[in-house]
Amino acid sequence: MTAPVFLTEPGRLAADRVVLDGPEGRHAVTVRRLRPGERVDLTDGAGLLAECVVTEVSGKDRLTVEVLSRQAHEPPRPRLVVVQALPKGDRGELAVETMTEVGVDEIVPWQAARCVTRWRPDRVDKALDRWRSTAREAAKQSRRPRLPEIPGPATTPQVAARLSAASCALVLHESATTPLRTVQPPTDGDIVIVVGPEGGLTDEELHDFTAAGAVAVRLGPTVLRTSTAGTAAAAVLLTLTGRW
């Protein structure tokens, strides 16, 4: 069984002995019940992973580890960016969780015209915190050393700009005739793929995105929920790029 992974602040992993405290230390001590002599990995979430062994446990929220080795993981190429229309209820966290687990590099929340969910201006920070917290936990569970980026919500013109600047720009659409599996991905740069809301893209949104250079693609013979389509598309693209 692989060692559990915990997040620590950037810079701490330069030392040969590291103290893990706060919420991460509490989880390691009281939930995982780690004891001296057990293996554990620490990451700064930016690509640096330290293989460690527990040397001391203090109280209920603090342990000390000795760093055995360090591995610096370069950013994957090409980067995979999913523009995710806001799903209903807690399905947004589900989408973030599974996309983080498969290896998506950036998840951009998008307030599409037909989104049922609306992030009110006074609640955007709270909603983003939920998505980012979900991504942190999923990254630890999947043992990835680099957290996905989750920026603030994008407008439709901002999504179109991202598509225009991408090395490969795609839009999932149930009426598209081009299968996603036939796409020839680039070896570098950003692959940006848009996942629409439960009600689908409007004609105006599809026009704006294709005018920006995006290609409409079909994922498969069935219509997936918006909360699962991004993960399925990511799996196909990660396979096509050789990252899987």
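Each value, and the rule that gives it
- Residues numbered from 1 in each chain as written.
- Predicted model: local features only at pLDDT ≥ 70, side-chain atom pairs only at ≥ 80, totals over all residues.
- Heavy atoms only, no water.
- UniProt positions renumbered as here; feature names shortened; annotations may be inferred.
- 1 Å grid on protein atoms, 1.4 Å probe; cavity = no way out; pocket = protein on both sides within 12 Å on 5 of 7 lines; lining within 4 Å.
- Points joined across faces, edges and corners; volume = space filled by probe spheres on them.
- Nonpolar A, V, L, I, M, F, W, Y, C, P; charged D, E, K, R; others polar.
- Helix = DSSP H or I, 4+ residues; strand = E, 2+ residues; numbered from the N terminus.
- Contact = heavy atoms within 4.5 Å.
- Buried < 20%, exposed > 50% of the residue type's maximum accessible area, 1.4 Å probe, protein only.
- Arc of directions from axis to C-beta.
- Pairing = 2+ DSSP bridges.
- Axes fitted to C-alpha atoms, helices over the stretch in contact; angles between N-to-C directions.
- Core = buried A, V, L, I, M, F, W, Y, C linked by side-chain atoms within 4.5 Å.

- The name recorded for the protein in an unreviewed UniProt entry is Ribosomal RNA small subunit methyltransferase E, from Thermomonospora umbrina.
- UniProt's Sequence similarities (unreviewed entry) comment on the protein is quoted here verbatim: "Belongs to the RNA methyltransferase RsmE family."

### Section: the layout of surface pockets
- Its volume calculated, the largest pocket comes out at about 460 Å³.
- What lines the largest pocket is a set of 21 residues, among which Leu-172, His-173, Glu-174, Val-223 and Leu-224 lie closest to the centre.
- Here the lining of the largest pocket is composed, by residue class, of ten nonpolar, seven polar and four charged.
- By volume, the second largest pocket is sized at about 240 Å³.
- Around the second largest pocket sit 14 residues that line it, and Thr-117, Arg-118, Trp-119, Ala-127 and Arg-130 are the ones nearest its centre.
- Listed by contribution, the elements that provide at least two residues to the lining of the second largest pocket are α2 (91–102) and α3 (124–141).
- Counting residues per element, the lining of the second largest pocket draws most heavily on α3, at four residues.

### Thoughts on the side chain of Thr-202
- Examined against the element boundaries, Thr-202 turns out to sit in the loop between β9 (190–195) and α5 (203–211).
- In contact with Thr-202, other than residues within four places in its own chain, are Ala-113 and Arg-114.

### Let's talk about the UniProt feature "domain: Ribosomal RNA small subunit methyltransferase E PUA-like" (unreviewed entry) in the protein
- The UniProt feature table records "domain: Ribosomal RNA small subunit methyltransferase E PUA-like" (unreviewed entry) at residues 20–68.
- In residues 20–68, the share of helix is 20% and the share of strand is 49%. The end C-alpha atoms are 15 Å apart.

### A few points about helix α1 (residues 22–31)
- The set of residues buried in α1 consists of Glu-24, Gly-25, Ala-28 and Val-29. Along the axis of α1, the buried residues cluster in a sector spanning 120 degrees; they form a single face. Turned more than 90 degrees away from the buried face of α1 sit Pro-23 and Val-31, all of them exposed.
- One or two steps after α1, the chain reaches Arg-33, where phi turns positive at roughly 55 degrees.

### Things to note about the sheet that holds strand β6 (residues 79–85)
- Taking strand neighbours across the sheet as the criterion, the five strands line up as β7-β6-β9-β8-β10 in an open arrangement whose pairing is parallel. Looking at the sheet topology across the chains shown, the edges are occupied by β7 (106–110) and β10 (215–217). Adjacent strand axes in the sheet meet at a mean angle of 25 degrees when their direction is disregarded.
- Running over the sheet, helix α4 (residues 156–165) touches β6, β7, β8 (168–172) and β9 and is turned about 145 degrees from β9.

### Remarks on the nonpolar core
- Grouped together as the largest cluster of nonpolar side chains are 50 residues, with contacts concentrated most on Trp-110, Leu-163, Leu-170 and Phe-209.
- Looking at this core, the elements with two or more residues in it are β6, α2, β7, α3, α4, β8, β9 and α6 (226–241).
- Not counting chain neighbours up to four residues away, the residues in contact with Leu-163 comprise Ala-169, Leu-170, Val-192, Val-194, Phe-209, Ala-212 and Ala-214.
- Listed in part, the 15 residues of the second largest apolar core include Leu-42, Val-54, Leu-63 and Val-65.

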